[in-house]
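As a plain string of letters, each chain reads:
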Amino acid sequence: MHIGPYQLRNNLIVAPMAGVTDRPFRQLCKHFGAGHAVSEMITADKSLHASKKSLRRADFTGELAPISVQIAGSDPKQVAEAARYQVANGAQIVDINMGCPVKKVCNKLAGSALLQDEVLVGEILDAVVNAVDVPVTLKTRLGFINGAENIHRIAERAQQAGIAALAIHGRTREDMYLGQARYALIREVKRNVRIPIIANGDIDSPQKAAYVLAETGADAIMIGRAAQGRPWIFREIAHYLATGELLPLPEVTEIKEVLLGHLDDLYQFYGEYSGCRIARKHIAWYTKGLHASNEFRQAMYAVESTVEQATITRNYFDHLLQRGERLIYESDLVATED
């Protein structure tokens, strides 16, 4: 899998997710075998470039190359200027967001709302590709509303503009994240264009990863929500694609150290107050489905310091270790009945 001159280590990519794919998370996913990761979405609004949030999202210290920055906006000149700004900041690949379905983004005619105006889409793509000397990629959806999917025209226009790779989420904006991702249109797009296609949506297991690759013929797959609290999914998928065999669930001691290391990175990255609060969702994702996890989470949410948070998390995993060497996930049905 290549993006411009960059050969990725494999075809497993971390999807950009606002509030999730910060530097600590991207580095962790790459540690577990992801071949590439895209930053959180950064606004093209120049007045916000120096905000604490934007500066933190554009912090790539120590990150493995190639560094990819996702930008969002609706004004071609503004988005192009933002692309130049991020390249000067160290970005080696610029990714354009035309897939975000969130209301506050779409209300500004950004994200997936752009799919309603194909002329503007083309103007933005041309402006960004011409503004920088690094590869430009695009992440989008099948269309804005069901019954009016225009991904074929968007893909052809992207290829015409010189987009280096196209990631397609198998839903429309109307779908949000409901229902099942649809792969048939992704397969058709792959057959009709020459640029690399990355399939995205509902890839939550090694078997599903293999299925989506076979079903779409895509050059790569992009994993988002399934990696939340389970960054080792990239290791599991890579092993399955190479051998056809499933890895056993990871050992409790390994994930305990992984999570504690992740927490430490979050604390250093965000500081005491924000680090403690941002870490809560990650801890909740890591422990979802494990024994007595609901009780643990309620106690964890009440903790106000990073030291206490790390301690209670360590103690919880020590408790799990008494039940077995490997993680054991309890079904939702069993958890409900309990």
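Refer to the preceding data block for the structure.
In this text, all values refer to a predicted model and were calculated from it rather than measured experimentally.

Criteria and thresholds
Per chain, residue numbering runs from 1 following the sequence as it is written. Where totals are concerned, whole chains, interfaces and linings use all residues; where local detail is concerned, this predicted model gives features only for residues with pLDDT of at least 70, and gives and counts side-chain atom pairs only at 80 or more. Remark: hydrogens and water are excluded; side-chain values derive from all non-hydrogen atoms of the structure. Cavity and pocket criteria rest on a 1 Å grid covering protein atoms alone: a 1.4 Å probe that fits but cannot get out defines a cavity, protein on both sides within 12 Å along at least 5 of 7 lines defines an open pocket, and an atom within 4 Å of a point defines a lining residue. Grid points are joined across faces, edges and corners, and a volume is the space filled by probe spheres set on the points. Secondary structure elements are taken from DSSP: a helix is a run of H or I of four residues or more, a strand is a run of E of two residues or more, and numbering for both begins at the N terminus. Under the grouping applied here, Gly and all other residues not named as nonpolar or charged are polar, the nonpolar ones being Ala, Val, Leu, Ile, Met, Phe, Trp, Tyr, Cys and Pro and the charged ones Asp, Glu, Lys and Arg. Residue exposure (1.4 Å probe, protein chains only): buried if accessible area is under 20% of the type maximum, exposed if over 50%, otherwise partly exposed. Note on geometry: axes are lines fitted to C-alpha atoms, helical ones only across the stretch in contact, with angles between N-to-C directions running from 0 to 180 degrees. For classification, angles of less than 35 degrees are called roughly parallel, those exceeding 145 degrees roughly antiparallel, those between 65 and 115 degrees roughly perpendicular, and all remaining angles oblique. Working rule for handedness: look at the near helix, and if it is turned counterclockwise from the far one by less than a right angle, call the crossing left-handed; if clockwise, right-handed. Pairs of residues are marked as contacts when any of their non-hydrogen atoms sit within 4.5 Å. Strand pairing requires that DSSP identify at least two bridges connecting the strands. In the analysis that follows, any N or O atom pair within 3.5 Å is treated as a polar contact, provided that within protein one partner can donate a hydrogen and the other can accept it, and provided that, for residues neighboring in sequence, both atoms belong to side chains. Multiply 1.5 Å by the residue count of a helix minus one, and that product is the helix's expected span. Look down the strands so they point away from you; if the path from the first strand over the helix to the second goes clockwise, the crossover is right-handed.

### Here we look at empty space enclosed by the protein
The tally for this structure, following the rule as stated, stands at one cavity of 30 Å³ or more. The volume enclosed by the largest cavity comes to roughly 80 Å³. Val-38, Asp-95, Thr-137, Ile-198 and Met-222 are, among the 14 residues lining the largest cavity, the residues nearest its centre. Those elements that provide at least two residues to the lining of the largest cavity are β4 (36-43), β6 (93-98), β7 (136-141) and β8 (165-169). By residue number, the principal contributor to the lining of the largest cavity is β8, which donates three residues. Broken down by class, the residue content of the lining of the largest cavity amounts to 10 nonpolar, three polar and one charged.

### Here's the deal with the environment of Thr-253
Position of Thr-253 among the secondary structure elements: in helix α10 (residues 252-270). Judged by its relative accessible area of 36%, Thr-253 falls in the partly exposed class. Considered as a pair, Thr-253 and Gly-224 are 29 residues apart in the sequence and their alpha carbons are 25 Å apart.

### Notes on the packing of helix α5 (residues 118-131) against helix α6 (residues 151-161)
Running from amino to carboxyl end, α5 crosses α6 at an angle of 25°, the nearest separation of the two axes being 9 Å. The pairing of α5 with α6 is recorded here as roughly parallel in orientation. Crossing of α5 over α6 shows right-handed handedness. Between α5 and α6, the residues in contact are Glu-118, Val-121, Gly-122, Glu-123, Leu-125, Asp-126 and Val-129 and Arg-153, Ile-154, Arg-157, Ala-158 and Ala-161, respectively. Class assignment for the residues of the contact of α5 with α6 results in six nonpolar, one polar and five charged.

### Section: the environment of Leu-247
By the element assignment, Leu-247 lies in the loop between α9 (233-243) and α10. Placed 29 residues apart in sequence, Leu-247 and Ala-218 show a C-alpha to C-alpha distance of 24 Å. Not counting residues up to four positions away in its chain, the partners in contact with Leu-247 are Arg-235, Glu-236 and His-239.

### With respect to the sheet that holds β4
Through backbone hydrogen bonds, the strands of a sheet pair up, either in parallel or in antiparallel fashion. On the basis of which strands lie adjacent, the closed barrel formed by eight strands has the order β3-β4-β5-β6-β7-β8-β9-β10 and parallel pairing. Going across the sheet, the axis of each strand differs from the next one's by a mean of 25°, ignoring polarity. Examined bridge by bridge, β7 and β8 share five bridges and lie parallel to one another. Opposite Lys-139, over in β8, you have Ala-167 as the bridge partner. Each of β6 and β7 is contacted by α5, which is oriented at about 170° to β6, the strand it contacts most. Against the sheet, helix α7 (residues 184-192) contacts β8 and β9 (197-200), and its axis sits at roughly 175° relative to β9.

### Brief notes about the layout of surface pockets
By rolling a water-sized probe across the atoms, one finds the places where empty space is left. Of the voids in this model, the largest pocket is the one considered here, and its volume is about 1100 Å³. Forming the walls of the largest pocket are 46 residues, and the residues nearest its centre are Met-17, Gly-224, Arg-225, Ala-226 and Gln-228. Elements that contribute at least two residues to the lining of the largest pocket include exactly β4, β7, α8 (206-216), β10 (220-223) and α11 (272-287). It is β7 that provides the largest number of residues to the lining of the largest pocket, a total of three residues. Considering only residue class, the lining of the largest pocket consists of 22 nonpolar, 12 polar and 12 charged. Lining the second largest pocket are 21 residues, with Met-41, Thr-43, Lys-104, Val-105 and Lys-108 sitting closest to its centre.

### Topic: the side chain of Thr-172
By secondary structure assignment, the location of Thr-172 is in the loop between β8 and α7. Engagement of the side chain of Thr-172 in a polar contact is seen with the backbone nitrogen of Glu-174, the distance being 3.4 Å. Sequence-distant contacts of Thr-172, that is, excluding residues within four places in its chain, are made with Arg-141, Leu-142, Gly-143, Phe-144, Ile-145, Asn-146, Glu-149 and Arg-182.

### Quick word on the side chain of Arg-23
Structurally, Arg-23 is set in helix α1 (residues 23-31). Setting aside its immediate chain neighbours within four residues, Arg-23 contacts Asp-59, Phe-60, Thr-61, Glu-63 and Phe-269.

### Quick look at α5
Here α5 spans 20 Å end to end across 14 residues, near enough to the 20 Å set by a 1.5 Å rise per residue. Along α5, the residues that are buried comprise Leu-120, Val-121, Gly-122, Ile-124, Leu-125, Val-128, Val-129 and Ala-131. Packing partners of the buried residues in α5 comprise α3 (76-88), β6, β7 and α6.

### Regarding the pairing of β6
In summary, the side chains of a regular strand alternate between the two faces of the sheet. For β6, the tally of buried residues reaches six of six residues, placing the bulk of the element in the interior. With burial as the criterion, each face of β6 is covered, one bearing Ile-93, Asp-95 and Asn-97 and the other bearing Val-94, Ile-96 and Met-98. Between the parallel pair strand β5 (residues 68-72) and β6, the chain is carried across by α3, and the sense of this crossover is right-handed. Of the pairings in the sheet, the one linking β6 to β7 comprises five bridges and is parallel in character.

### Brief notes about unusual backbone geometry
Geometrically, the link from Ala-65 to Pro-66 is a cis peptide bond, its omega value of 0° lying close to zero. Tracing the sequence through the fold places Pro-66 in the loop between α2 (52-57) and β5. You will see that Ala-292, though not glycine, has its phi angle at about 55°, which is positive. With respect to the helices, strands and loops of the structure, Ala-292 is situated in the loop between α11 and α12 (293-301).

Read these as spatial facts, not as claims about activity.
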